[in-house]
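# Commentary on secondary and tertiary structure
Single-letter residue listing:
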Amino acid sequence: EARANAITSELRRLVTLSHAVAMQAIAYDAENDAIHLDLISVRNRSVMYLILAFLSLATFSLFKSWREVGSSFRLSAHLERRVEQRTLELKATNRMLRVEMDERGRAQERYRSLVDHATEAILILDGEKGTFVEANPSAEKLYGLSRIALVAGYGIVDLSPEFQPDGQRSDV
């Protein structure tokens, strides 16, 4: 907006300046009895042509700058609308994520409650490491070890008997 005001002010200044120069040229010719356009001095005609040329160039330059300012305003308004729209989208996404996190938290609490209150021994195994990562109280009772001890490095082989009921070794 400041740039638009500066361009408008400059255009007004140039018009006023050129008007003053043209009036001086006309006054000069009037003093010298040049009443008709044909009698206007060559010098003053040249000055007036230069003023017109200068005004044309200045007006073109200012008009171009004015268009650029207008384009900047439109682009700025477009970007502001886009930022507003994206902000609304992100707020909606955040609300959905909060709802999802709450639902997952409740599901995790239900899972934990089911596992902790199950009468069966439940052990969760990390397949890559071969060790337990979770144990419920029934597993603690069955193996006579605390949950911390069970998840601190025990695996299936560590808790299995040396031989299976069919006679095979457990570590095979």
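Scroll up a little and you will see the structure.
Throughout what follows, the structure given in this document is the object of discussion.

### What to know about the overall build of the protein chain
The helix and strand inventory of the protein chain stands at five helices and two strands. Across the 172 residues in the protein chain, those meeting the buried criterion constitute 17%. Accessible surface, the protein chain as shown: approximately 13500 Å² in total, 60% of it carbon and sulfur.

### Side note on the packing of aromatic side chains
One pass over the full model with this rule turns up zero aromatic pairs. Sitting over the face of the ring of Phe163, Arg169 holds its NZ or CZ atom 5.6 Å from the ring centroid.

### Details of the nonpolar core
Phe132, Ala135, Ala139, Leu150 and Leu159 together form the largest nonpolar core, which totals five residues. In contact with Ala135, other than residues within four places in its own chain, are Ile122, Leu123, Arg147, Leu150 and Val151.

### Quick look at the pairing of strand β1 (residues 123-126)
Here β1 pairs with strand β2 (residues 131-135) via four bridges, running antiparallel. Within β2, the residue paired with Leu125 across the bridge is Phe132. From the end of β1 to the start of β2, which pair antiparallel, there are four residues, and Gly130 there has a positive phi angle of about 75°.

Conventions adopted
- Residues numbered from 1 in each chain as written.
- Predicted model: local features only at pLDDT ≥ 70, side-chain atom pairs only at ≥ 80, totals over all residues.
- Heavy atoms only, no water.
- Helix = DSSP H or I, 4+ residues; strand = E, 2+ residues; numbered from the N terminus.
- Buried < 20%, exposed > 50% of the residue type's maximum accessible area, 1.4 Å probe, protein only.
- Areas by Shrake-Rupley, 256 points an atom, 1.4 Å probe, with all protein chains shown as cover.
- Phe/Tyr/Trp six-rings, centres within 6.5 Å; stacked < 30°, edge-to-face > 60°.
- Lys NZ or Arg CZ within 6 Å of the ring centre and 35° of its normal.
- Core = buried A, V, L, I, M, F, W, Y, C linked by side-chain atoms within 4.5 Å.
- Contact = heavy atoms within 4.5 Å.
- Pairing = 2+ DSSP bridges.

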